Amino acid sequence: MRPSIFFSKVATRAAWPVTRRDRGTAPLVPPVLCYHRVLPRSGNDKQQARYSVTPAQFRAQMSVLASEGFTSLTLREFSGAMRGLRELPPRSALITFDDGYNDNYALAWPIAREFGMKLNLFICTGLVEGENIEVFERRTISEKRSEEDYPALWQPLQWSQLREMSAAGVDVQFHSHGHENMGSLSSADITADAARGISLFKKHLGFTPTYFAFPFGHYGSYPHVARALLAEQGIEIFFTTELGRKTVEDKQTTFSRIVIHTEDDLDSFRRKIYGGYDWMGTLRKLNYSVRGWLSSDQSTRWSEGS
Ligand SMILES: [Zn+2]
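Nothing here was measured: the structure is a model prediction, and the numbers come from that model.

What counts, and where the lines are drawn
Residues numbered from 1 in each chain as written. Predicted model: local features only at pLDDT ≥ 70, side-chain atom pairs only at ≥ 80, totals over all residues. Helix = DSSP H or I, 4+ residues; strand = E, 2+ residues; numbered from the N terminus. Rg over C-alpha atoms; globule rule 2.2 N^0.38 Å. Buried ≥ 20, exposed ≤ 12 C-beta atoms within 10 Å, placed from the backbone. Contact = placed C-beta atoms within 7 Å. Axes fitted to C-alpha atoms, helices over the stretch in contact; angles between N-to-C directions. Parallel < 35°, antiparallel > 145°, perpendicular 65-115°, else oblique. Left-handed = near helix turned anticlockwise from the far one by under 90°. Nonpolar A, V, L, I, M, F, W, Y, C, P; charged D, E, K, R; others polar. Core = buried A, V, L, I, M, F, W, Y, C linked by C-beta atoms within 7 Å. Arc of directions from axis to C-beta. Pairing = 2+ DSSP bridges. Right-handed = clockwise from strand over helix to strand, strands pointing away.

J.: Just checking my understanding: could you explain the overall build of the protein chain for this structure?
T.: Assigned secondary structure in the protein chain consists of twelve helices and eleven strands. Here the C-alpha radius of gyration of the protein chain, 18 Å, is about what a compact globule of 306 residues would show, namely 19 Å. Overall, the C-alpha framework of the protein chain stretches about 50 × 45 × 45 Å when taken along its three principal axes. With 306 residues in all, the protein chain has 42% of them scored as buried. For the protein chain, long-range pairs separated by at least 24 residues make up 73% of all intrachain contacts whose partners lie at least 6 apart in sequence.

Structure (structure tokens):
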């Protein structure tokens, strides 16, 4: 288990009695869960690929949401609620998947539907187009093994699958074209990346995306300038992978998401949906700021998502 995940689990468990937010009435923004892949374990030692949960884990998590009365929201429903145009159910959550691999279609979607849960996808249009995207080319040993065992699940989603999902109510939205850290791109490169991806949305799906999940999503990867440039191209709401929800009244346009890891058991999953990890956002922001002061190397970050 990665040290940062181990620390988070221990710290949130210890702090749970005072940080739990499943009893209060404060109108907090619903938890936005961030997944990447649903993949079976692979290889002789049954390892789990990075940024994935097993089908059994995903099924158990969807079951918790359903049995504890959570309504899953589409991004459109979520943004309506954030603008005061619709009431939120007493318990609601968003289930989002990043990047755009076939397991989202082949495994995650059927499991979610079993429990009446809606999915939202943030797709990297360059991945769907079959381009060589550096971050996806670099594979760990466990990822290579997973791809050998389950080649079909490692195919990018096809536009026809995305059209089918979109027509069936899955909100398909944007996760950049080239999956680069926008904190290190020039303004011209950010604009070009967004324009390329948005033109592919129009061509293949027939609409312009309005929601955007930043690649990586940690502090430093979603600068204000990038949000301003993306807003010029029609993006209205942004998502990161930092922690810490605000109240609905804050009228923000950038929202945190909580990454679900294979290390999550059902107890830590419950803490994630009931706000037990929210306070860690402050800690991570402090950690990022301190590292920034101590070093000019902004790459030394406590990275969560991809
Ligand atoms: Zn990503």
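There is more to say after this.
J.: What's the story with the environment of serine 186 in this structure? I'm lost.
T.: Mapped onto the elements of the fold, serine 186 is located in the loop between β7 (171-174) and α9 (187-205). With 9 C-beta atoms counted inside 10 Å, the residue serine 186 sits in the exposed group. In this structure the C-alpha to C-alpha distance between serine 186 and tyrosine 150, which are 36 residues apart in sequence, comes to 37 Å.

J.: Please clarify how the packing of helix α2 (residues 55-67) against helix α11 (residues 266-273) should be interpreted in this entry.
T.: When two helices pack together, their arrangement is given by the angle between the helix axes and the distance between those axes. At their nearest, the axes of α2 and α11 sit 11 Å apart, and the two run at 45 degrees to each other. What the angle tells us is that α2 and α11 run oblique. Between α2 and α11 lies a crossing whose hand is right-handed. Residue-level contacts link Ala60, Gln61 and Val64 of α2 to Leu266, Phe269 and Arg270 of α11. Residues that form the contact of α2 with α11 fall into these classes: four nonpolar, one polar and one charged.

J.: In this structure, what is going on with the nonpolar core? I would like to understand it.
T.: Note that soluble globular proteins tend to have their nonpolar side chains buried in a common cluster. One finds Leu33, Ala108, Leu119 and Ile123 to be the most contacted residues of the largest nonpolar core, which totals 69 residues. When neighbours within four sequence positions are excluded, leucine 33 is seen to be in contact with Ala93, Leu94, Ile95, Thr96, Ile258 and Ile260.

J.: Help me understand unusual backbone geometry, please; the structure alone is not making it clear to me.
T.: Working note: non-glycine residues mostly have negative phi, and peptide bonds are mostly trans. Located in the positive-phi region is aspartate 99, a residue other than glycine, with phi close to 95 degrees. Among the secondary structure elements, aspartate 99 is positioned in strand β5 (residues 92-99). A tally of 25 C-beta atoms within 10 Å means that aspartate 99 is categorised as buried.

J.: It is not clear to me how the environment of valine 18 should be interpreted in this structure. Could you clarify?
T.: One can find valine 18 in helix α1 (residues 3-19). Classification of valine 18 as exposed rests on a count of 8 C-beta atoms within 10 Å. Considering only alpha carbons, one finds valine 18 and leucine 283, 265 residues apart in sequence, at a separation of 16 Å.

J.: Mind showing me how you'd approach the packing of α2 against helix α4 (residues 102-114) here?
T.: The interhelical angle for the contact between α2 and α4, taken along N-to-C directions, is 25 degrees, at an axis separation of 9 Å. In terms of orientation, α2 and α4 fall into the roughly parallel class. Pair α2 / α4 crosses with right-handed handedness. Side by side, α2 and α4 meet where Pro55, Phe58, Arg59 and Met62 of the first sit next to Leu107, Ala108, Ile111 and Ala112 of the second.

J.: Would you explain helix α3 (residues 75-82) in this entry?
T.: Each α-helix winds once per 3.6 residues, and so residues spaced three or four apart point in a common direction. Along α3, the residues that are buried comprise Leu75, Glu77, Phe78 and Met82. Along the axis of α3, the buried residues cluster in a sector spanning 160 degrees; they form a single face. Those residues of α3 that are buried are in contact with β5, β6 (120-123), β7 and β8 (211-213). Of the residues flanking the end of α3, it is glycine 84, one or two places downstream, whose phi is positive at about 80 degrees.

J.: What's the story with the environment of threonine 241 in this structure? I'm lost.
T.: Relative to the assigned elements, threonine 241 resides in the loop between β9 (237-239) and β10 (254-255). What makes threonine 241 buried here is the crowd of 24 C-beta atoms within 10 Å. C-alpha separation for the pair threonine 241 and proline 215, spaced 26 residues apart in sequence, amounts to 9.0 Å.

J.: Just to check I follow, could you spell out the pairing of β6 for this structure?
T.: On a regular strand, one side chain projects to one face of the sheet and the next to the other, so that they alternate. Along β6, one buried face is formed by Asn120 and Phe122 and the opposite face, lined by Leu121 and Ile123, is buried too. Here β5 pairs with β6 via four bridges, running parallel. Bridged to phenylalanine 97 within β6 is leucine 121. Viewed along the sheet, the connection from β5 through α4 into β6 turns out right-handed.

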